[in-house]
Amino acid sequence: MNPPARSILRIHLHDLGPGDQDLYENALALLRDLTPLVQALLPDAADLDVTGARRFFDRDTHGLAAMASLRLAAHFGLRATIGGGPNRMLAAMAAAASAPGTATVIDPTDEAIAAFLGPRPIGALYGVGPATARTLGEYGIHRIHDLLDIPAPTLQRILGKATADTLAARARGLDPRPVAPEQAPQTTSCTHTFTRDELDPDEHRRALLDLCERLGLRLRTSGQVATRLALTVAYADGSTTQRSRTLYEYTAHTPALRNSAYDLYTRLGLQRARVRTITLRTDLADAHHAVQQLLLDPADDKRRRIEAASDNARTRFGDQVIRPATLSGAVRRTPKA
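As the structure is a prediction and not an experimental result, all values here were calculated from the model.

### Observations concerning the overall build of the protein chain
Part 1: In terms of helices and strands, the protein chain carries 12 helices and 10 strands.
Part 2: Residue burial in the protein chain is summarised as follows: out of 337 residues, 44% are buried.
Part 3: Sequence-distant contacts in the protein chain: of pairs separated by 6 or more residues, those separated by 24 or more amount to 69%.
Part 4: Total accessible area on the protein chain is roughly 17,400 Å²; 52% of this is exposed by carbon and sulfur atoms.

Take a look at the structure:
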């Protein structure tokens, strides 16, 4: 007998702010009453594997989505947008295609999956960033069903074998990733809002430097280090993109945060993008649990001593008293932490 098709829900919670970590944790605890297989997706989402819950609650995926939405609203007054499908990718794409506060569930049939995926823009496919979408567009591949019409050898020449094979599988609706239950890590974030939709990459980088300065000071003065860095960019049309990485060395050192943030920004491949906000978020660990790699570099040691002295001054007299020359009067911002 074939095992039952998986049922995955992607739940996005609305109106959660940077200070609502406890509310987010309570919402996750409530969702674990439906299924223990809940994976936190900071800052405001979660994936649920409700395959077993269908039999326990005698409801289909649509019914479990409605139950989750009702419980979140009744207990916490939270509005949720929910997507459902036979795997995590399809559930996430269904949620992204849903109007705020509604639910969309993709039935686990080949016909339903093809009907949902086929007409969507190629950039909506999981793993296709702006740079890849532009490359595919140059070859006339604008919709997900276009990808399936390209012979595998041709697609491999365009993207490379590994990427081509992965995207071809996803275009057919395949995603083997399991829901991995885990506690949500503690996080902190800073957001820069431009006074106008900003096209200039230099202004984007100045904003990133400013965010890293603020995050670094916050981490060092609270005895914490960053373990993972996530960059979210929101555009003039309301869309967003995100890139993240686990840091090779857990750190609170501003230059290390800056280098990682710049690399994440470069990976977005932005060209003439009208950026509205930039947010940097870090997962946190106690600084006592971090190990600093010994570089045997006097210059690096000197930079860290200067950083410590600057932190003392900024703690006493305000974070604007000492700033990099690059930021002196250059960054237009409406800060939000």
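### Quick word on helix α3 (residues 61-76)
Part 1: Compared with an ideal rise of 1.5 Å per residue, which puts 16 residues at 22 Å, α3 spans 22 Å between its outermost C-alpha atoms and is within 8% of the ideal.
Part 2: Within the span of α3, buried status applies to T61, G63, L64, A65, M67, A68 and L72.
Part 3: Close packing links the buried residues of α3 with β1 (8-13), α1 (21-31), α2 (51-57), β4 (80-85) and β5 (103-105).
Part 4: G77 occupies a position one or two residues after α3 and carries a positive phi of about 65°.

### With respect to the sheet that holds β1
Part 1: A sheet is described by the order of its strands in space; here 5 strands give the open sequence β2-β3-β1-β4-β5, paired in mixed fashion. With partners counted over all chains shown, the strands left at the sheet margins are β2 (38-41) and β5, one partner each. With strand direction ignored, the average angle separating the axes of adjacent strands in the sheet is 15°.
Part 2: Relative to strand β3 (residues 45-49), β1 runs antiparallel, the two sharing 5 bridges.

### Comments concerning the packing of helix α4 (residues 88-96) against helix α5 (residues 110-117)
Part 1: The contact between α4 and α5 brings their axes to 12 Å, and the two run at 50°. Between α4 and α5, the crossing angle belongs to the class labelled oblique. Between α4 and α5 lies a crossing whose hand is left-handed. Counting all contacts with α4, which are made through L90, M93 and A94, the residues of α5 involved are I113, F116 and L117.
Part 2: Of the residues assigned to the contact of α4 with α5, the class counts are 6 nonpolar, no polar and no charged.

### Thoughts on the environment of V179
Part 1: Position of V179 relative to the elements: it lies in the loop between α9 (161-171) and β6 (187-198).
Part 2: Exposure remark for V179: the relative accessible area of 9% places this residue in the buried category.
Part 3: Linking V179 and N87, residues 92 residues apart in sequence, is a C-alpha distance of 9.1 Å.
Part 4: If sequence neighbours within four positions are ignored, V179 has contacts with I8, L37, V38, Q39, D47, L48, D49 and R88.

### Topic: the side chain of T279
Part 1: Its location among the elements puts T279 in strand β9 (residues 275-286).
Part 2: Of the polar contacts made by the side chain of T279, one reaches the side chain of T191; its length is 2.8 Å.
Part 3: Excluding residues within four positions of it along the chain, T279 makes contact with S189, C190, T191, A230, L231 and T232.

### Details of the packing of helix α10 (residues 201-222) against helix α11 (residues 254-268)
Part 1: It is the contact of α10 with α11, at a shortest axis distance of 9 Å, that shows an interaxial angle of 145°. Judged by the sense of rotation from one axis to the other, the crossing of α10 with α11 is right-handed. Residue-level contacts link P201, H204, R205, L208, L209, C212, E213, G216, L219 and R220 of α10 to T254, L257, R258, A261, Y262, Y265 and T266 of α11.
Part 2: A class-by-class count of the residues in the contact of α10 with α11 yields 9 nonpolar, 4 polar and 4 charged.

### Thoughts on the packing of aromatic side chains
Part 1: The tally for this structure, following the rule as stated, stands at 1 aromatic pair.
Part 2: Between the aromatic rings of F56 and F57, the centroid separation amounts to 5.0 Å while the plane-to-plane angle is 80°, which identifies the pairing as edge-to-face.
Part 3: It is R120 that lies over the ring of F116; its NZ or CZ is 4.0 Å from the centre.
Part 4: The aromatic ring of Y262 is capped on one face by R205, whose charged end is 4.9 Å from the ring centroid.

### Looking at the confidence of the model for the protein chain
Part 1: For the protein chain, the mean per-residue pLDDT works out to 85, and 82% of the residues sit at or above 70.
Part 2: Confidence, read as mean pLDDT per element, is least for strand β10 (residues 334-336) in the protein chain (44) and greatest for β4 (97).
Part 3: In the predicted structure, residues 291-297 sits below a pLDDT of 50 and forms 8 contacts with residues beyond four places in sequence or in another chain.
Part 4: This model gives residues 330-337 a pLDDT under 50, and the stretch forms 30 contacts once residues within four places in sequence are excluded.

### Points about the pairing of β1
Part 1: Within β1, 5 of the 6 residues are buried, which leaves the element mostly enclosed by the surrounding structure.
Part 2: As judged from the 6 bridges shared by β1 and β4, these two strands associate in the antiparallel manner. Paired with H12 across the bridge in β4 is T81.

### Describing the side chain of D47
Part 1: As for its placement among the helices and strands, D47 is situated in strand β3.
Part 2: Given a relative accessible area of 0%, D47 falls into the buried group.
Part 3: Setting aside anything within four residues of it in sequence, one finds D47 in contact with L9, R10, L37, V38, Q39, L41, R88 and V179.

### Side note on the environment of A46
Part 1: Tracing the chain through its elements places A46 in strand β3.
Part 2: C-alpha separation for the pair A46 and L31, spaced 15 residues apart in sequence, amounts to 9.1 Å.
Part 3: Among all residues touching A46, those that are not within four sequence positions of it are L9, R10, I11, L28, L31, V38, Q39, A40 and L41.

Analysis parameters
Throughout, a residue's number is its position along its own chain's written sequence, starting from 1. This being a predicted model, a pLDDT of at least 70 is required before a residue's local features are given, and a value of 80 or more before pairs of side-chain atoms are given or counted; all residues contribute to the totals for chains, interfaces and linings. The side-chain figures draw on all heavy atoms in the structure; neither hydrogens nor water molecules are used. Per the convention used, a helix needs a DSSP run of H or I reaching at least four residues, while a strand needs a run of E reaching at least two, with both numbered from the N terminus. The rule is simple: take the accessible area with a 1.4 Å probe, protein chains only, and divide by the maximum for that residue type; under 20% is buried, over 50% is exposed, in between is partly exposed. Residues count as neighbours in contact if any of their non-hydrogen atoms are within 4.5 Å of one another. We get accessible surface area from the Shrake-Rupley algorithm with a probe of 1.4 Å; when it comes to residues, only the shown protein chains can shield them. To estimate the expected span of a helix, subtract one from its residue number and multiply by 1.5 Å. Here the rule is simple: two strands pair whenever DSSP picks up at least two bridges between them. Between N-to-C directions, angles span 0 to 180 degrees; the directions come from axes that are lines fitted to C-alpha atoms, helices contributing only their stretch in contact. Here is the rule for angles: anything less than 35 degrees is roughly parallel, anything more than 145 is roughly antiparallel, 65 through 115 is roughly perpendicular, and the remaining ranges are oblique. Note: crossing handedness is left-handed where the near helix turns anticlockwise from the far helix by less than a right angle, and right-handed where it turns clockwise. When residue character is reported, Ala, Val, Leu, Ile, Met, Phe, Trp, Tyr, Cys and Pro are called nonpolar, Asp, Glu, Lys and Arg charged, and the others, Gly included, polar. Polar contact is defined as a pair of N or O atoms within 3.5 Å, subject to the rule that within protein one atom must be able to donate a hydrogen and the other to accept it, and that residues adjacent in sequence are counted only when both atoms are side-chain atoms. Side-chain rings of Phe, Tyr and Trp (the six-membered ring for Trp) are treated as a pair once their centres are within 6.5 Å; stacked means planes under 30 degrees apart, edge-to-face means over 60, and tilted covers the remaining angles. Note on geometry: a ring has a charge over it if NZ (lysine) or CZ (arginine) is within 6 Å of the ring centre and within 35 degrees of the ring normal. On a scale of 0 to 100, pLDDT captures the predictor's confidence in every residue.

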